[in-house]
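Single-letter residue listing:
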Amino acid sequence: MLRIKKAAAVLLVFLLTGCGAIQEEAPKTENIITSMEAEPELSYEVPASSANIFVNQLGYIKESTKVAVFCGKELPEEFQVIRKDTGEVVFTGCLENKGYDDGSKEYNSYGDFSGVCEAGVYYIEAPLVGRSYSFTIEDGLYERIFKEACKQYYYNRCGMTLTKQYANEVAHNACHTGKAVLKEDESVSLDVSGGWHQDEKGSKKVDRAAKSIGVMLLSYELYGDSFTDEMGIPESGNGVPDLLDEIKYEIEWLLKMQDKETGAVYSGVGIYEKNGGEGIYVEPAGQVSALAFAAALSKFSYLYQEYDEDYAAKCLEAAERAWQCADSEQGDKETEEWRFAAATELYRATGKQSVHKYVTRYLSGEAYGENMSDMVFWGCVTYICTRQSVKLELCEEIAGIFMQRAEEIAQEAAGSLFLAGGGNGQKNNQELLQNMMYLTTVDHMITNHEYDSVIENHLHYFLGRNEKAISYIDNAGERNYRTIDESMGIMKQFDANSKLVFMLSEIVGEHYH
(Lines give C-alpha, C1' and ligand atoms only; values in the text may rest on other atoms or scores of the structure.)
Protein backbone atom coordinates (compact mmCIF):
# COMPACT_ATOMS: atom_id res chain seq x y z
CA MET A 1 0.00 0.00 0.00
CA LEU A 2 1.28 3.44 -0.88
CA ARG A 3 2.46 5.32 2.23
CA ILE A 4 0.98 8.81 2.53
CA LYS A 5 3.64 11.20 3.76
CA LYS A 6 2.76 14.28 5.75
CA ALA A 7 4.07 16.58 3.03
CA ALA A 8 1.67 15.04 0.51
CA ALA A 9 -1.21 15.59 2.89
CA VAL A 10 -0.23 19.23 3.37
CA LEU A 11 -0.05 19.69 -0.40
CA LEU A 12 -3.50 18.19 -0.78
CA VAL A 13 -4.92 20.59 1.78
CA PHE A 14 -3.68 23.59 -0.14
CA LEU A 15 -5.05 22.19 -3.40
CA LEU A 16 -8.54 22.36 -1.90
CA THR A 17 -10.75 25.37 -2.39
CA GLY A 18 -9.85 27.44 0.61
CA CYS A 19 -8.68 25.39 3.61
CA GLY A 20 -6.89 27.75 5.97
CA ALA A 21 -8.24 31.00 4.54
CA ILE A 22 -9.81 33.55 6.88
CA GLN A 23 -13.44 33.83 5.76
CA GLU A 24 -16.00 34.19 2.99
CA GLU A 25 -19.04 35.37 3.53
CA ALA A 26 -54.68 18.73 -11.69
CA PRO A 27 -57.40 16.54 -10.38
CA LYS A 28 -56.15 15.28 -7.08
CA THR A 29 -56.82 11.59 -7.35
CA GLU A 30 -54.59 8.94 -5.80
CA ASN A 31 -52.56 6.78 -8.16
CA ILE A 32 -50.23 3.85 -7.70
CA ILE A 33 -46.80 5.17 -6.77
CA THR A 34 -43.76 4.20 -8.78
CA SER A 35 -41.13 4.76 -6.19
CA MET A 36 -37.74 4.01 -4.76
CA GLU A 37 -37.73 1.11 -2.32
CA ALA A 38 -36.42 1.54 1.19
CA GLU A 39 -34.79 -1.88 1.52
CA PRO A 40 -35.34 -3.88 -1.66
CA GLU A 41 -34.77 -7.59 -1.72
CA LEU A 42 -32.60 -8.26 -4.72
CA SER A 43 -32.23 -11.73 -6.18
CA TYR A 44 -30.03 -11.79 -9.25
CA GLU A 45 -29.61 -14.97 -11.24
CA VAL A 46 -27.21 -15.54 -14.11
CA PRO A 47 -29.31 -15.61 -17.32
CA ALA A 48 -29.30 -19.09 -18.83
CA SER A 49 -28.09 -17.77 -22.17
CA SER A 50 -25.22 -15.80 -20.66
CA ALA A 51 -21.86 -16.52 -22.25
CA ASN A 52 -18.57 -16.34 -20.42
CA ILE A 53 -17.72 -13.03 -22.05
CA PHE A 54 -18.60 -10.11 -19.79
CA VAL A 55 -19.13 -6.56 -21.04
CA ASN A 56 -20.80 -3.32 -20.04
CA GLN A 57 -24.28 -4.02 -21.43
CA LEU A 58 -25.07 -0.34 -21.87
CA GLY A 59 -21.89 0.24 -23.82
CA TYR A 60 -18.89 2.50 -24.20
CA ILE A 61 -18.23 5.96 -25.51
CA LYS A 62 -16.15 6.15 -28.66
CA GLU A 63 -12.77 7.30 -27.39
CA SER A 64 -12.49 5.19 -24.25
CA THR A 65 -10.76 2.11 -22.92
CA LYS A 66 -12.92 -0.93 -23.74
CA VAL A 67 -12.13 -4.22 -22.06
CA ALA A 68 -14.12 -7.47 -21.95
CA VAL A 69 -13.53 -10.20 -19.35
CA PHE A 70 -13.36 -13.84 -20.49
CA CYS A 71 -13.85 -16.86 -18.20
CA GLY A 72 -13.96 -20.56 -19.06
CA LYS A 73 -12.54 -24.05 -18.61
CA GLU A 74 -10.61 -23.34 -21.77
CA LEU A 75 -9.96 -20.01 -23.45
CA PRO A 76 -9.04 -19.26 -27.06
CA GLU A 77 -6.19 -17.11 -28.22
CA GLU A 78 -8.35 -14.61 -30.13
CA PHE A 79 -11.76 -12.92 -30.03
CA GLN A 80 -13.79 -10.93 -32.53
CA VAL A 81 -15.96 -7.82 -32.25
CA ILE A 82 -18.95 -8.12 -34.58
CA ARG A 83 -21.39 -5.44 -35.71
CA LYS A 84 -24.86 -6.66 -34.79
CA ASP A 85 -26.84 -5.27 -37.74
CA THR A 86 -24.54 -6.59 -40.48
CA GLY A 87 -22.64 -9.47 -38.88
CA GLU A 88 -19.40 -7.85 -40.02
CA VAL A 89 -16.26 -8.61 -38.04
CA VAL A 90 -14.82 -5.18 -37.28
CA PHE A 91 -11.99 -6.17 -34.95
CA THR A 92 -9.94 -9.23 -34.06
CA GLY A 93 -7.95 -9.14 -30.85
CA CYS A 94 -5.79 -11.36 -28.67
CA LEU A 95 -6.60 -12.37 -25.12
CA GLU A 96 -4.17 -11.06 -22.53
CA ASN A 97 -3.13 -11.93 -18.96
CA LYS A 98 -4.53 -15.44 -19.00
CA GLY A 99 -4.57 -16.90 -15.49
CA TYR A 100 -6.13 -19.83 -13.64
CA ASP A 101 -8.49 -19.47 -10.68
CA ASP A 102 -8.41 -22.44 -8.29
CA GLY A 103 -11.77 -21.50 -6.80
CA SER A 104 -13.77 -21.46 -10.02
CA LYS A 105 -11.52 -23.97 -11.81
CA GLU A 106 -11.56 -21.61 -14.79
CA TYR A 107 -9.13 -19.55 -16.79
CA ASN A 108 -9.58 -15.79 -16.71
CA SER A 109 -8.42 -13.31 -19.31
CA TYR A 110 -9.00 -9.88 -20.84
CA GLY A 111 -9.70 -8.64 -24.34
CA ASP A 112 -9.01 -5.00 -25.13
CA PHE A 113 -11.02 -3.62 -28.05
CA SER A 114 -10.45 0.10 -27.48
CA GLY A 115 -9.70 0.45 -31.19
CA VAL A 116 -13.39 -0.02 -32.03
CA CYS A 117 -14.66 3.56 -32.07
CA GLU A 118 -17.36 3.72 -34.75
CA ALA A 119 -20.86 4.26 -33.38
CA GLY A 120 -23.09 1.18 -33.52
CA VAL A 121 -24.34 -1.92 -31.72
CA TYR A 122 -21.88 -4.79 -31.34
CA TYR A 123 -21.23 -8.09 -29.60
CA ILE A 124 -18.10 -10.13 -28.94
CA GLU A 125 -17.64 -13.72 -30.02
CA ALA A 126 -14.87 -16.23 -29.38
CA PRO A 127 -14.36 -20.01 -29.81
CA LEU A 128 -14.95 -22.15 -26.72
CA VAL A 129 -16.74 -19.43 -24.74
CA GLY A 130 -19.47 -18.19 -27.10
CA ARG A 131 -20.97 -14.76 -27.53
CA SER A 132 -21.40 -11.75 -25.24
CA TYR A 133 -24.51 -9.66 -24.75
CA SER A 134 -24.75 -6.82 -27.24
CA PHE A 135 -23.61 -3.32 -26.34
CA THR A 136 -23.56 0.13 -27.90
CA ILE A 137 -20.64 2.35 -28.81
CA GLU A 138 -21.80 5.93 -28.89
CA ASP A 139 -20.88 9.26 -27.34
CA GLY A 140 -23.47 10.57 -24.90
CA LEU A 141 -24.29 7.20 -23.31
CA TYR A 142 -23.05 8.17 -19.88
CA GLU A 143 -24.70 11.59 -20.03
CA ARG A 144 -28.06 9.90 -20.63
CA ILE A 145 -27.71 7.49 -17.74
CA PHE A 146 -26.54 10.37 -15.53
CA LYS A 147 -29.59 12.40 -16.51
CA GLU A 148 -31.86 9.45 -15.73
CA ALA A 149 -30.26 8.95 -12.31
CA CYS A 150 -30.78 12.63 -11.48
CA LYS A 151 -34.36 12.50 -12.74
CA GLN A 152 -35.35 9.65 -10.39
CA TYR A 153 -36.07 12.30 -7.77
CA TYR A 154 -38.49 14.11 -10.06
CA TYR A 155 -40.26 10.80 -10.70
CA ASN A 156 -40.69 10.44 -6.94
CA ARG A 157 -42.11 13.88 -6.24
CA CYS A 158 -45.05 13.74 -3.87
CA GLY A 159 -48.00 16.12 -3.82
CA MET A 160 -47.92 17.24 -7.46
CA THR A 161 -49.11 15.90 -10.80
CA LEU A 162 -46.39 14.45 -12.98
CA THR A 163 -47.31 14.88 -16.62
CA LYS A 164 -46.33 12.61 -19.49
CA GLN A 165 -44.34 15.50 -20.94
CA TYR A 166 -41.76 15.04 -18.19
CA ALA A 167 -42.48 11.65 -16.61
CA ASN A 168 -43.53 9.47 -19.57
CA GLU A 169 -44.80 6.09 -18.35
CA VAL A 170 -44.53 6.99 -14.64
CA ALA A 171 -46.82 10.02 -14.94
CA HIS A 172 -49.45 10.25 -12.21
CA ASN A 173 -51.86 12.66 -10.58
CA ALA A 174 -51.01 14.44 -7.34
CA CYS A 175 -50.81 12.11 -4.35
CA HIS A 176 -50.81 12.51 -0.56
CA THR A 177 -52.21 16.05 -0.72
CA GLY A 178 -54.44 15.76 2.32
CA LYS A 179 -53.66 16.96 5.82
CA ALA A 180 -51.59 14.76 8.09
CA VAL A 181 -52.08 14.29 11.82
CA LEU A 182 -49.51 14.19 14.58
CA LYS A 183 -48.79 10.64 15.66
CA GLU A 184 -48.79 11.83 19.27
CA ASP A 185 -51.97 13.89 19.03
CA GLU A 186 -54.39 13.20 16.18
CA SER A 187 -56.33 16.36 16.96
CA VAL A 188 -53.47 18.37 15.40
CA SER A 189 -53.25 18.43 11.62
CA LEU A 190 -50.42 19.67 9.44
CA ASP A 191 -49.68 20.24 5.76
CA VAL A 192 -46.63 18.09 5.04
CA SER A 193 -47.27 17.50 1.34
CA GLY A 194 -44.47 17.59 -1.18
CA GLY A 195 -40.96 16.19 -1.09
CA TRP A 196 -39.79 12.85 -2.46
CA HIS A 197 -41.23 9.40 -1.86
CA GLN A 198 -38.59 7.21 -0.27
CA ASP A 199 -40.34 3.86 -0.62
CA GLU A 200 -43.29 2.21 -2.32
CA LYS A 201 -45.74 3.52 0.32
CA GLY A 202 -44.69 7.13 0.01
CA SER A 203 -43.02 7.43 3.42
CA LYS A 204 -40.59 10.32 3.97
CA LYS A 205 -37.91 10.49 6.68
CA VAL A 206 -36.04 13.73 7.38
CA ASP A 207 -32.65 12.15 8.05
CA ARG A 208 -32.77 9.99 4.90
CA ALA A 209 -33.75 13.02 2.83
CA ALA A 210 -30.93 15.07 4.35
CA LYS A 211 -28.37 12.36 3.66
CA SER A 212 -29.27 12.15 -0.05
CA ILE A 213 -29.32 15.94 -0.31
CA GLY A 214 -25.85 16.11 1.23
CA VAL A 215 -24.41 13.54 -1.17
CA MET A 216 -25.84 15.23 -4.26
CA LEU A 217 -24.89 18.74 -3.18
CA LEU A 218 -21.34 17.53 -2.60
CA SER A 219 -21.26 16.12 -6.14
CA TYR A 220 -22.53 19.51 -7.36
CA GLU A 221 -19.70 21.27 -5.48
CA LEU A 222 -17.02 19.06 -7.00
CA TYR A 223 -18.38 18.62 -10.53
CA GLY A 224 -20.82 21.50 -11.02
CA ASP A 225 -20.25 21.63 -14.79
CA SER A 226 -21.81 18.17 -15.10
CA PHE A 227 -25.18 19.51 -13.93
CA THR A 228 -27.14 21.38 -16.57
CA ASP A 229 -30.41 23.28 -16.71
CA GLU A 230 -31.70 20.80 -19.32
CA MET A 231 -32.59 17.67 -17.35
CA GLY A 232 -36.19 17.64 -18.56
CA ILE A 233 -38.12 18.72 -15.46
CA PRO A 234 -40.69 21.55 -15.23
CA GLU A 235 -38.03 23.96 -13.92
CA SER A 236 -35.62 23.33 -16.81
CA GLY A 237 -34.52 26.50 -18.58
CA ASN A 238 -34.96 28.83 -15.59
CA GLY A 239 -31.26 29.63 -15.30
CA VAL A 240 -30.71 27.42 -12.24
CA PRO A 241 -29.06 23.98 -12.52
CA ASP A 242 -31.85 21.41 -12.42
CA LEU A 243 -30.23 19.49 -9.58
CA LEU A 244 -30.64 22.56 -7.35
CA ASP A 245 -34.22 22.99 -8.56
CA GLU A 246 -34.95 19.37 -7.69
CA ILE A 247 -33.35 19.63 -4.27
CA LYS A 248 -35.26 22.85 -3.62
CA TYR A 249 -38.47 20.85 -4.08
CA GLU A 250 -37.33 18.61 -1.22
CA ILE A 251 -36.16 21.61 0.83
CA GLU A 252 -39.69 23.05 0.62
CA TRP A 253 -40.97 19.86 2.23
CA LEU A 254 -38.29 19.94 4.90
CA LEU A 255 -39.30 23.48 5.82
CA LYS A 256 -42.85 22.21 6.41
CA MET A 257 -41.42 19.67 8.85
CA GLN A 258 -40.13 22.38 11.20
CA ASP A 259 -42.30 23.64 14.04
CA LYS A 260 -42.57 27.39 13.47
CA GLU A 261 -42.63 28.23 17.17
CA THR A 262 -39.92 26.02 18.65
CA GLY A 263 -37.65 25.25 15.68
CA ALA A 264 -37.98 21.53 16.39
CA VAL A 265 -38.11 19.23 13.38
CA TYR A 266 -40.54 16.34 13.02
CA SER A 267 -38.81 13.08 12.16
CA GLY A 268 -40.84 12.06 9.13
CA VAL A 269 -44.14 11.24 7.49
CA GLY A 270 -45.68 7.77 7.54
CA ILE A 271 -48.57 6.25 5.61
CA TYR A 272 -51.00 3.91 7.35
CA GLU A 273 -54.32 2.18 6.76
CA LYS A 274 -57.29 3.95 8.33
CA ASN A 275 -60.98 3.02 8.09
CA GLY A 276 -60.45 1.20 4.82
CA GLY A 277 -58.51 4.12 3.38
CA GLU A 278 -55.14 5.76 3.73
CA GLY A 279 -54.00 8.04 6.51
CA ILE A 280 -50.93 10.21 6.88
CA TYR A 281 -49.22 10.83 10.19
CA VAL A 282 -46.30 12.99 11.24
CA GLU A 283 -43.72 11.32 13.44
CA PRO A 284 -42.50 13.07 16.61
CA ALA A 285 -39.70 15.62 16.57
CA GLY A 286 -36.24 14.36 17.45
CA GLN A 287 -32.65 15.41 17.88
CA VAL A 288 -31.36 13.52 14.84
CA SER A 289 -34.01 15.06 12.59
CA ALA A 290 -33.15 18.57 13.85
CA LEU A 291 -29.43 18.09 13.20
CA ALA A 292 -29.99 16.44 9.81
CA PHE A 293 -32.31 19.32 8.88
CA ALA A 294 -29.68 21.86 9.96
CA ALA A 295 -26.97 20.11 7.94
CA ALA A 296 -29.01 19.90 4.73
CA LEU A 297 -30.50 23.39 4.81
CA SER A 298 -27.27 25.16 5.69
CA LYS A 299 -25.43 23.37 2.87
CA PHE A 300 -28.21 24.17 0.42
CA SER A 301 -28.24 27.79 1.59
CA TYR A 302 -24.51 28.15 1.01
CA LEU A 303 -24.72 26.84 -2.57
CA TYR A 304 -28.06 28.43 -3.51
CA GLN A 305 -27.21 32.01 -2.49
CA GLU A 306 -25.75 32.58 -5.95
CA TYR A 307 -29.24 32.16 -7.42
CA ASP A 308 -31.58 33.53 -4.72
CA GLU A 309 -30.06 35.29 -1.72
CA ASP A 310 -33.38 35.79 0.07
CA TYR A 311 -34.38 32.14 -0.16
CA ALA A 312 -30.89 31.06 0.88
CA ALA A 313 -31.10 33.32 3.92
CA LYS A 314 -34.48 31.81 4.82
CA CYS A 315 -32.97 28.33 4.70
CA LEU A 316 -29.98 29.32 6.80
CA GLU A 317 -32.22 30.92 9.42
CA ALA A 318 -34.29 27.72 9.62
CA ALA A 319 -31.10 25.66 9.92
CA GLU A 320 -29.83 27.77 12.80
CA ARG A 321 -33.15 27.47 14.63
CA ALA A 322 -33.04 23.68 14.28
CA TRP A 323 -29.44 23.65 15.54
CA GLN A 324 -30.36 25.72 18.59
CA CYS A 325 -33.29 23.42 19.29
CA ALA A 326 -31.11 20.30 19.32
CA ASP A 327 -29.75 19.25 22.70
CA SER A 328 -26.09 20.28 22.97
CA GLU A 329 -25.20 17.39 25.24
CA GLN A 330 -23.39 14.48 23.62
CA GLY A 331 -25.67 11.74 22.37
CA ASP A 332 -25.30 8.37 20.70
CA LYS A 333 -23.01 7.71 17.73
CA GLU A 334 -25.56 8.63 15.03
CA THR A 335 -26.52 11.84 16.82
CA GLU A 336 -22.90 12.96 17.11
CA GLU A 337 -22.22 12.17 13.45
CA TRP A 338 -25.14 14.35 12.43
CA ARG A 339 -24.05 17.07 14.86
CA PHE A 340 -20.61 17.07 13.23
CA ALA A 341 -22.04 17.35 9.70
CA ALA A 342 -24.39 20.15 10.75
CA ALA A 343 -21.62 22.00 12.58
CA THR A 344 -19.29 21.93 9.55
CA GLU A 345 -21.98 23.36 7.30
CA LEU A 346 -23.11 26.01 9.75
CA TYR A 347 -19.52 27.03 10.43
CA ARG A 348 -18.80 27.42 6.72
CA ALA A 349 -22.00 29.44 6.24
CA THR A 350 -21.73 31.67 9.34
CA GLY A 351 -18.15 31.56 10.67
CA LYS A 352 -19.41 31.28 14.24
CA GLN A 353 -16.76 29.98 16.63
CA SER A 354 -19.47 28.62 18.92
CA VAL A 355 -20.25 26.12 16.15
CA HIS A 356 -16.62 25.49 15.25
CA LYS A 357 -15.94 24.04 18.69
CA TYR A 358 -18.24 21.10 17.89
CA VAL A 359 -16.27 20.42 14.71
CA THR A 360 -12.91 20.38 16.45
CA ARG A 361 -14.27 18.35 19.34
CA TYR A 362 -15.44 15.63 17.00
CA LEU A 363 -12.27 15.57 14.89
CA SER A 364 -10.15 15.38 18.04
CA GLY A 365 -11.93 12.21 19.07
CA GLU A 366 -10.74 8.68 18.42
CA ALA A 367 -11.01 6.71 15.17
CA TYR A 368 -13.54 8.89 13.33
CA GLY A 369 -11.82 7.85 10.10
CA GLU A 370 -12.63 4.15 10.51
CA ASN A 371 -15.74 2.98 8.62
CA MET A 372 -16.68 6.59 7.97
CA SER A 373 -20.43 7.12 7.69
CA ASP A 374 -22.01 9.32 5.02
CA MET A 375 -22.47 12.11 7.56
CA VAL A 376 -18.85 12.06 8.72
CA PHE A 377 -17.57 11.90 5.14
CA TRP A 378 -19.82 14.83 4.27
CA GLY A 379 -18.60 16.88 7.23
CA CYS A 380 -14.93 16.12 6.60
CA VAL A 381 -15.09 17.26 2.97
CA THR A 382 -16.92 20.44 3.96
CA TYR A 383 -14.36 21.24 6.67
CA ILE A 384 -11.31 20.89 4.46
CA CYS A 385 -13.03 22.96 1.75
CA THR A 386 -14.24 25.82 3.93
CA ARG A 387 -12.81 29.33 3.58
CA GLN A 388 -13.28 30.01 7.26
CA SER A 389 -10.32 29.79 9.63
CA VAL A 390 -9.61 26.13 10.42
CA LYS A 391 -7.15 23.97 12.35
CA LEU A 392 -4.66 23.02 9.68
CA GLU A 393 -3.50 19.88 11.48
CA LEU A 394 -7.05 18.52 11.41
CA CYS A 395 -7.29 19.22 7.67
CA GLU A 396 -3.98 17.42 7.14
CA GLU A 397 -5.25 14.41 9.05
CA ILE A 398 -8.49 14.24 7.02
CA ALA A 399 -6.55 14.58 3.76
CA GLY A 400 -4.24 11.76 4.78
CA ILE A 401 -7.16 9.50 5.67
CA PHE A 402 -8.84 10.19 2.32
CA MET A 403 -5.70 9.61 0.28
CA GLN A 404 -4.80 6.39 2.05
CA ARG A 405 -8.32 5.03 1.69
CA ALA A 406 -8.39 5.96 -2.01
CA GLU A 407 -5.13 4.09 -2.60
CA GLU A 408 -6.47 1.02 -0.81
CA ILE A 409 -9.63 1.06 -2.94
CA ALA A 410 -7.62 1.43 -6.15
CA GLN A 411 -5.31 -1.45 -5.27
CA GLU A 412 -8.21 -3.71 -4.30
CA ALA A 413 -9.91 -2.99 -7.62
CA ALA A 414 -6.70 -3.64 -9.57
CA GLY A 415 -6.47 -7.09 -8.00
CA SER A 416 -10.02 -8.04 -8.91
CA LEU A 417 -10.90 -10.05 -12.00
CA PHE A 418 -13.57 -7.54 -13.01
CA LEU A 419 -11.37 -4.54 -12.08
CA ALA A 420 -13.82 -3.51 -9.34
CA GLY A 421 -14.09 -4.48 -5.70
CA GLY A 422 -17.12 -6.75 -5.97
CA GLY A 423 -17.21 -9.01 -2.91
CA ASN A 424 -18.27 -12.61 -2.49
CA GLY A 425 -21.69 -13.08 -3.99
CA GLN A 426 -21.58 -9.52 -5.35
CA LYS A 427 -23.66 -8.25 -2.44
CA ASN A 428 -21.62 -5.15 -1.58
CA ASN A 429 -22.89 -2.56 -4.06
CA GLN A 430 -23.53 -0.01 -1.29
CA GLU A 431 -19.92 -0.39 -0.15
CA LEU A 432 -18.67 0.03 -3.73
CA LEU A 433 -20.70 3.21 -4.16
CA GLN A 434 -19.28 4.54 -0.91
CA ASN A 435 -15.78 3.70 -2.14
CA MET A 436 -16.42 5.63 -5.33
CA MET A 437 -17.28 8.68 -3.23
CA TYR A 438 -13.78 8.54 -1.72
CA LEU A 439 -12.14 8.08 -5.12
CA THR A 440 -14.23 10.79 -6.77
CA THR A 441 -13.40 13.28 -4.03
CA VAL A 442 -9.67 12.55 -4.02
CA ASP A 443 -9.58 12.52 -7.82
CA HIS A 444 -11.05 16.01 -7.80
CA MET A 445 -8.33 17.12 -5.40
CA ILE A 446 -5.27 15.68 -7.12
CA THR A 447 -6.45 14.59 -10.63
CA ASN A 448 -5.21 11.01 -10.64
CA HIS A 449 -5.81 9.31 -14.00
CA GLU A 450 -5.53 5.89 -12.38
CA TYR A 451 -8.49 6.79 -10.19
CA ASP A 452 -10.44 7.93 -13.27
CA SER A 453 -10.01 4.42 -14.68
CA VAL A 454 -11.02 2.73 -11.43
CA ILE A 455 -14.20 4.81 -11.21
CA GLU A 456 -15.13 4.03 -14.81
CA ASN A 457 -14.38 0.33 -14.28
CA HIS A 458 -16.91 0.33 -11.45
CA LEU A 459 -19.49 1.76 -13.82
CA HIS A 460 -18.72 -1.12 -16.21
CA TYR A 461 -19.14 -3.50 -13.27
CA PHE A 462 -22.51 -2.03 -12.29
CA LEU A 463 -23.67 -2.23 -15.93
CA GLY A 464 -23.00 -5.90 -16.46
CA ARG A 465 -19.28 -6.57 -16.54
CA ASN A 466 -19.50 -8.74 -13.44
CA GLU A 467 -19.60 -12.44 -12.64
CA LYS A 468 -23.40 -12.63 -12.86
CA ALA A 469 -23.71 -10.53 -16.03
CA ILE A 470 -26.32 -8.37 -14.31
CA SER A 471 -26.95 -4.66 -14.80
CA TYR A 472 -27.21 -3.61 -11.18
CA ILE A 473 -28.17 -0.08 -12.11
CA ASP A 474 -31.50 -1.09 -13.65
CA ASN A 475 -31.55 -4.85 -12.87
CA ALA A 476 -31.53 -5.66 -16.56
CA GLY A 477 -30.93 -9.07 -18.00
CA GLU A 478 -30.22 -9.84 -21.65
CA ARG A 479 -31.02 -6.57 -23.33
CA ASN A 480 -29.45 -3.27 -24.15
CA TYR A 481 -29.96 -0.48 -21.68
CA ARG A 482 -32.63 1.88 -22.98
CA THR A 483 -35.15 2.70 -20.27
CA ILE A 484 -35.32 2.17 -16.54
CA ASP A 485 -36.76 -1.21 -15.60
CA GLU A 486 -39.46 -1.30 -12.93
CA SER A 487 -37.42 -3.83 -10.93
CA MET A 488 -35.12 -2.76 -8.17
CA GLY A 489 -31.73 -1.67 -9.41
CA ILE A 490 -29.55 1.00 -7.86
CA MET A 491 -31.54 3.81 -9.44
CA LYS A 492 -34.66 2.65 -7.61
CA GLN A 493 -32.99 2.64 -4.20
CA PHE A 494 -33.36 6.02 -2.53
CA ASP A 495 -30.07 5.98 -0.62
CA ALA A 496 -27.99 4.33 -3.34
CA ASN A 497 -29.12 6.50 -6.23
CA SER A 498 -27.66 9.70 -4.77
CA LYS A 499 -24.25 7.99 -4.61
CA LEU A 500 -24.67 6.85 -8.21
CA VAL A 501 -25.28 10.51 -9.15
CA PHE A 502 -22.07 11.37 -7.28
CA MET A 503 -20.04 8.78 -9.20
CA LEU A 504 -21.55 9.62 -12.58
CA SER A 505 -20.92 13.35 -12.08
CA GLU A 506 -17.18 12.62 -12.16
CA ILE A 507 -17.42 10.34 -15.21
CA VAL A 508 -19.55 12.81 -17.15
CA GLY A 509 -17.33 15.69 -16.10
CA GLU A 510 -14.20 13.79 -17.10
CA HIS A 511 -15.45 12.83 -20.57
CA TYR A 512 -17.60 15.77 -21.60
CA HIS A 513 -16.36 18.85 -19.82
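Computed from a predicted structure; not experimentally measured. (Residues numbered from 1 in each chain as written. Predicted model: local features only at pLDDT ≥ 70, side-chain atom pairs only at ≥ 80, totals over all residues. Heavy atoms only, no water.)

Draft legend 1. Quick look at the environment of I473. Assignment of secondary structure puts I473 in the loop between helix 13 (449-462) and helix 14 (494-512). Expressed as a C-alpha distance, the spacing of I473 and M491, which sit 18 residues apart in the sequence, is 5.8 Å. (Helix = DSSP H or I, 4+ residues; strand = E, 2+ residues; numbered from the N terminus.)

Draft legend 2. View of the confidence of the model for the chain. Residue-level pLDDT values for the chain average 87, and 86% of them are 70 or greater. Here residues 37-49 is a poorly scored stretch, pLDDT under 50, and it has 30 contacts once near neighbours within four places are set aside; other chains count. A low-confidence stretch, residues 476-487 stays under pLDDT 50, and its non-local contacts, those more than four residues away or across chains, total 33 contacts. (pLDDT = per-residue confidence, 0-100. Contact = heavy atoms within 4.5 Å.)

Draft legend 3. Representation of unusual backbone geometry. With a phi angle near 50°, H176 is a residue other than glycine that sits in the positive phi range. Looking at the secondary structure, you find H176 in the loop between helix 3 (164-167) and strand 11 (180-182).

Draft legend 4. Representation of the pairing of strand 3 (residues 67-72) in the model. Of all 6 residues in strand 3, 6 are buried; the element is thus mostly enclosed. The two faces of strand 3 match: V67, V69 and C71 on one face and A68, F70 and G72 on the other face are all buried. Examined bridge by bridge, strand 1 (residues 53-54) and strand 3 share 2 bridges and lie antiparallel to one another. When the sheet's bridge partners are listed, F54 is paired in strand 3 with V69. (Buried < 20%, exposed > 50% of the residue type's maximum accessible area, 1.4 Å probe, protein only. Pairing = 2+ DSSP bridges.)

Draft legend 5. The packing of helix 6 (residues 287-304) against helix 8 (residues 333-350), seen in detail. With their axes 8 Å apart at the nearest point, helix 6 and helix 8 run at an angle of 25° to one another. Taken together, the axes of helix 6 and helix 8 lie roughly parallel to each other. Our pair here, helix 6 against helix 8, has a crossing hand that is left-handed. Contact residues: helix 6 offers Q287, V288, L291, A292, A294, A295, S298, K299 and Y302, while helix 8 offers E334, T335, W338, R339, A341, A342, E345, L346, R348 and A349. Residues that form the contact of helix 6 with helix 8 fall into these classes: 11 nonpolar, 3 polar and 5 charged. (Axes fitted to C-alpha atoms, helices over the stretch in contact; angles between N-to-C directions. Parallel < 35°, antiparallel > 145°, perpendicular 65-115°, else oblique. Left-handed = near helix turned anticlockwise from the far one by under 90°. Nonpolar A, V, L, I, M, F, W, Y, C, P; charged D, E, K, R; others polar.)

Draft legend 6. Expanded view of the pattern of salt bridges. Counting across every chain of the model gives 19 salt bridges. Among the salt bridges present, the one from E77 reaches K98, with a minimum N-O distance of 3.7 Å. With E77 in the loop between strand 3 and strand 4 (78-83) and K98 in strand 6 (residues 96-101), this residue pair connects regions lying 21 residues apart in the sequence. With a relative accessible area of 57%, E77 lands in the exposed category. (Salt bridge = Lys/Arg side-chain N within 4 Å of Asp/Glu carboxyl O.)

Draft legend 7. Representation of helix 2 (residues 141-155). Between its first and last C-alpha atoms helix 2 spans 21 Å; for 15 residues at 1.5 Å apiece the expected length is 21 Å, and the two agree. At A149, helix 2 shows its largest bend, some 25°. Where burial is concerned, most of helix 2 is hidden: 11 out of the 15 residues are buried. Regarding helix 2, the residues found buried are L141, Y142, I145, F146, A149, C150, K151, Q152, Y153, Y154 and Y155. (Expected span 1.5 Å × (residues − 1). Bend = angle between axes of the 7 residues up to and from the residue.)

Draft legend 8. Quick peek at the pairing of strand 7 (residues 106-112). Counted residue by residue, strand 7 has 5 buried out of 7 residues, so it is predominantly covered. Between strand 6 and the antiparallel strand that follows it, strand 7, lie 4 residues; K105 among them carries a positive phi value of about 60°.

Draft legend 9. View of empty space enclosed by the protein. Put simply, the largest cavity is a space of about 90 Å³. Looking at the largest cavity, the residues that line it are K147, C150, K151, Y153, W196, M216, M231, I233, D242, L243, E246 and I247. For the lining of the largest cavity, the secondary-structure elements that each account for two or more residues are helix 2 and helix 5 (242-256). (1 Å grid on protein atoms, 1.4 Å probe; cavity = no way out; pocket = protein on both sides within 12 Å on 5 of 7 lines; lining within 4 Å. Points joined across faces, edges and corners; volume = space filled by probe spheres on them.)

Draft legend 10. Representation of the packing of helix 4 (residues 206-222) against helix 5 within the structure. Packing of helix 4 against helix 5 brings their axes to within 11 Å, and their N-to-C directions diverge by 155°. In terms of their interaxial angle, helix 4 and helix 5 are classed as roughly antiparallel. Where helix 4 crosses over helix 5, the two elements pack in a sense that is left-handed. On the side of helix 4, the interface is formed by V206, A209, I213, M216, L217 and Y220, while helix 5 contributes L243, L244, I247, E250, I251, W253 and L254. Per-class residue counts for the contact of helix 4 with helix 5 are 12 nonpolar, no polar and 1 charged.

Draft legend 11. Spatial organisation of the packing of aromatic side chains. Under the defined criterion, the tally for this structure stands at 29 aromatic pairs. On the numbers, 5.5 Å between centres and 90° between planes, the contact of F54 with F418 is edge-to-face. Taken as a pair, F54 in strand 1 and F418 in the loop between helix 11 (392-414) and helix 12 (429-446) lie far apart in primary sequence, 364 residues in all. Using a relative accessible area of 8% as the deciding quantity, one classes F418 as buried. An angle of 70° between the planes, with centres 5.2 Å apart, marks the rings of F377 and Y438 as edge-to-face. Of this pair, F377 sits in helix 10 (residues 374-385) while Y438 sits in helix 12, and the two are 61 residues apart along the sequence. Y438 carries the same exposure label as F377, and that label is buried. Between the NZ or CZ atom of R131 and the centre of the ring of Y123, over which it lies, the distance is 3.7 Å. Across the ring face of Y311, the terminal group of K248 is positioned such that the distance to the ring centre comes to 4.4 Å. (Phe/Tyr/Trp six-rings, centres within 6.5 Å; stacked < 30°, edge-to-face > 60°. Lys NZ or Arg CZ within 6 Å of the ring centre and 35° of its normal.)

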